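Each chain, letter by letter, is given below.
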Amino acid sequence: PRARSGHIAVSNFGAGTANTEFDVLTGIQTNMISMTNVSAFRVLHKAVNALPWDYQQAGYSTLFTHPGYGWFYNRQNVNGYLGFARQWFTENHYGALVDPEGAIFRSDDVLVDGILGDLNDRFTEGDWAFSFSVSYQNHGPYGGGGSSAGYLTPEGSGLSADSCGIFNSYLKGVSSTIAEMKRLKETLEGSPEPVVLVLFGDHKPWGGNGNSAYQEAGADFSLTTMDSFYQYYATPYFIWANPAAREKLGGEWTGDGGDFSPCFLMDKVFD
């Protein structure tokens, strides 16, 4: 696809989604806030300089969407401190569309429906929009129903049945997510309105207690080399513009975008 891509080096592994959100939205690196395992969101109790405020002041509609509970990570309060004028959670929007327990396994379809529906409303009303969404689908731990997906078998991979179950469950969810992100991109591609779409990973997935599935697969999490650092902390990002945006903005939208902290991601988007 016509996209800039690379990796961000997040501050957490297997959990801590809100830390990556904080980094991207504020331009501040999480480990500058706290050297403990406490989420950056847990220490926010008042408005802070953040990107959604800038968009609000520029006349944009600002929307946060997440098919999970607003109390988790205290997002229902923190997002207001960050500058989101509107928020959709299980409690006030998604609960009527998807069971909150089932949302862990499949909710990216309703997430994409909501993103596209709200953007269409904004376009119809002549508004600019800053829409920020956090997927809930495929949240770990993995195993159970996904273990029967036929990606890996002990016979074909040399991995244990438990590790195959973890990876198969994760890959089954990822396959569905990719299909929904493809639908999002293809729908926006045909829009006459200019749209820039940014996709990024919040952290590496859980891989068994003590990282058992990773260890069995031969991952190097020693953090003694750059490669082992990437294996533990790096997640992908993509910056894509639809034809209307490419025509309006110009510039090069393909190729290697480089690797950096998530606090620099939006700087790369603006660049």
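The preceding data block contains the structure.
Here the structure is a predicted model, which means the values were calculated and not measured.

Quick notes on the rules
- Residues numbered from 1 in each chain as written.
- Predicted model: local features only at pLDDT ≥ 70, side-chain atom pairs only at ≥ 80, totals over all residues.
- Heavy atoms only, no water.
- Helix = DSSP H or I, 4+ residues; strand = E, 2+ residues; numbered from the N terminus.
- Rg over C-alpha atoms; globule rule 2.2 N^0.38 Å.
- Buried < 20%, exposed > 50% of the residue type's maximum accessible area, 1.4 Å probe, protein only.
- Contact = heavy atoms within 4.5 Å.
- Areas by Shrake-Rupley, 256 points an atom, 1.4 Å probe, with all protein chains shown as cover.
- Lys, Arg positive; Asp, Glu negative; His and termini not counted.
- Charge placed at Lys NZ, Arg CZ, Asp CG, Glu CD.
- Pairing = 2+ DSSP bridges.
- Axes fitted to C-alpha atoms, helices over the stretch in contact; angles between N-to-C directions.
- Salt bridge = Lys/Arg side-chain N within 4 Å of Asp/Glu carboxyl O.
- Patch = residues over 30% accessible without salt bridge, like charges linked within 9 Å, V, L, I, M, F, W, Y side chains within 5 Å.

### Structural notes on the overall build of the protein
Then, in step 1: The secondary structure content of the protein amounts to 10 helices and 7 strands.
Then, in step 2: For 271 residues, the compact-globule estimate of 2.2 N^0.38 gives 18 Å, and the C-alpha radius of gyration of the protein, at 19 Å, lies within 12% of that figure.
Then, in step 3: With respect to the principal axes defined by its C-alpha atoms, the protein has extents near 55 × 40 × 40 Å.
Then, in step 4: Counting only residues that meet the buried cut, the protein has 44% of its 271 residues in that class.
Then, in step 5: Nonlocal contacts in the protein, meaning residues at least 24 apart in sequence, comprise 71% of its contacts between residues at least 6 apart.
Then, in step 6: When the accessible surface of the protein is split by element, carbon and sulfur atoms take 53% of a total near 13700 Å².
Then, in step 7: Side-chain charges in the protein split into 16 positive and 29 negative, and the spacing between the mean points of these groups amounts to 4 Å.

### Considering the sheet that holds strand S5 (residues 196-200)
Then, in step 1: The strand order across the open sheet built from 4 strands is S5-S6-S1-S7, with neighbouring strands paired in mixed fashion. One side of each edge strand has no neighbouring strand; the edge strands of this open sheet are S5 and strand S7 (255-260). With strand direction ignored, the average angle separating the axes of adjacent strands in the sheet is 15 degrees.
Then, in step 2: Of the strand pairs in this sheet, S5 and strand S6 (residues 234-241) are connected by 5 bridges, and their pairing is antiparallel. Each bridged residue has a counterpart across the sheet, and for Leu199 the counterpart in S6 is Phe238.

### Let's talk about the sheet that holds strand S3 (residues 86-88)
Then, in step 1: A sheet is described by the order of its strands in space; here 3 strands give the open sequence S3-S2-S4, paired in parallel fashion. In this open sheet, the two edge strands, each paired with only one partner strand, are S3 and strand S4 (128-133). Pairs of neighbouring strands in the sheet enclose a mean axial angle of 20 degrees, with direction left out of account.
Then, in step 2: Direction of pairing for strand S2 (residues 60-65) relative to S4: parallel, over a ladder of 6 bridges. Pairing of Ser61 across the sheet is with Ala129, part of S4.
Then, in step 3: Against the sheet, helix H4 (residues 108-125) touches S2, S3 and S4, its axis set at about 170 degrees to S4.

### A few points about the pattern of salt bridges
Then, in step 1: With the rule as written, the count across this model stands at 9 salt bridges.
Then, in step 2: Notably, a salt bridge pairs Arg75 with Glu21, separated by 2.6 Å at the nearest N-O pair. Note that Arg75 is positioned in helix H3 (residues 75-82) and Glu21 in helix H1 (residues 17-26), a separation of 54 residues in sequence. As far as the burial class goes, Arg75 and Glu21 line up, both buried.
Then, in step 3: A single network of salt bridges, built from pairs that share partners, joins Arg86, Asp118, Arg122, Glu125 and Asp127.

### Concerning a nonpolar patch on the surface
Then, in step 1: Together, Tyr69, Trp71 and Phe72 give the surface a local cluster of nonpolar side chains, amounting to about 320 Å² of exposed area.
Then, in step 2: Tracing the backbone shows Trp71 in the loop between S2 and H3.

### A short note on the environment of Asp54
Then, in step 1: Position of Asp54 relative to the elements: it lies in helix H2 (residues 51-57).
Then, in step 2: Residue classification places Asp54 among the partly exposed positions, given a relative accessible area of 46%.
Then, in step 3: C-alpha separation for the pair Asp54 and Gly83, spaced 29 residues apart in sequence, amounts to 8.1 Å.

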